[in-house]
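Per-entry structural report
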Amino acid sequence: MRKILRSIARAKMEKEGIQHINRRVTMRNLVTGEIIKTSYFAAHWREYV
């Protein structure tokens, strides 16, 4: 099920015009202060399902 949902989210992101969904972005965790590198897709795919 997760595989299907992720493919649906990927298709919706492409339809919306988001480019480079797998490019890694550096973010900082505000609670612990550690630096996290994650892609836009990994961080936001559940919003597009």
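Residues take numbers from 1 onward in each chain, read along the sequence in its written order. A pLDDT threshold of at least 70 governs which residues receive local features in this predicted model, and a stricter bar of 80 or more applies before side-chain atom pairs are shown or counted, although totals over entire chains, interfaces and linings include all residues. Excluded from the side-chain calculations are hydrogens and water; all other atoms, namely the structure's heavy atoms, are used.

Moving on, we come to the overall build of the protein chain. Only DSSP runs of H or I covering at least 4 residues are called helices, and only runs of E covering at least 2 are called strands; the numbering of each starts at the N terminus. Within the protein chain, the secondary structure is distributed over two helices and two strands. Its C-alpha atoms put the protein chain at 35 × 25 × 15 Å along the principal axes. Each residue is assigned to one of three classes by its accessible area relative to the maximum for its type, calculated with a 1.4 Å probe on protein chains only: buried under 20%, partly exposed between the two thresholds, exposed over 50%. Taken over 49 residues, the protein chain has a buried fraction of 16%. Here a residue-residue contact requires only that any non-hydrogen atoms of the pair lie within 4.5 Å. Taking contacts inside the protein chain between residues at least 6 apart in sequence as the whole, the part at least 24 apart equals 42%. Using the Shrake-Rupley algorithm and a 1.4 Å probe, accessible areas are obtained, with residue cover drawn only from the displayed protein chains. Only carbon and sulfur atoms are counted for the fraction: they give 54% of the accessible area of the protein chain, which is about 4,200 Å². Charge assignment: positive for Lys and Arg, negative for Asp and Glu; neither His nor the chain ends contribute. Charged side chains are reduced to one point each, which is NZ for Lys, CZ for Arg, CG for Asp and CD for Glu. If you average the places of the 11 positive and of the 4 negative side-chain charges in the protein chain, the two averages end up 6 Å apart.

This part takes up the confidence of the model for the protein chain. On average, the protein chain scores 92 in pLDDT, and the residues at 70 or more come to 100%. Per-residue confidence from the prediction method is given by pLDDT, with values spanning 0 to 100. Confidence scores differ between elements of the protein chain, with strand β1 (residues 24-28) showing the lowest mean pLDDT of 87 and helix α1 (residues 2-16) the highest of 95.

On to the side chain of Thr38. Relative to the helices and strands, Thr38 is located in strand β2 (residues 35-39). What makes Thr38 buried here is its relative accessible area of 16%. Once you skip the residues sitting within four places of it in the chain, Thr38 turns out to touch Arg23, Arg24, Val25, Met27 and Ala43.

Our next topic: the packing of aromatic side chains. Classification of ring pairs rests on two measures: the distance between centres of Phe, Tyr or Trp rings, Trp counted by its six-membered ring, which must be within 6.5 Å, and the angle between planes, read as stacked under 30 degrees, edge-to-face over 60 and tilted in between. Within this structure, the stated rule accounts for zero aromatic pairs. Here the guanidinium or amino end of Arg6 rests over the ring plane of Trp45, the centre of that ring lying 5.4 Å away. Here, over-ring charges are defined by two tests on the NZ atom of lysine or the CZ atom of arginine: distance to the ring centre within 6 Å, and angle to the ring normal within 35 degrees. A cation over an aromatic ring shows up here: Arg10 above the ring of Phe41, its NZ or CZ 4.5 Å from the ring centre.

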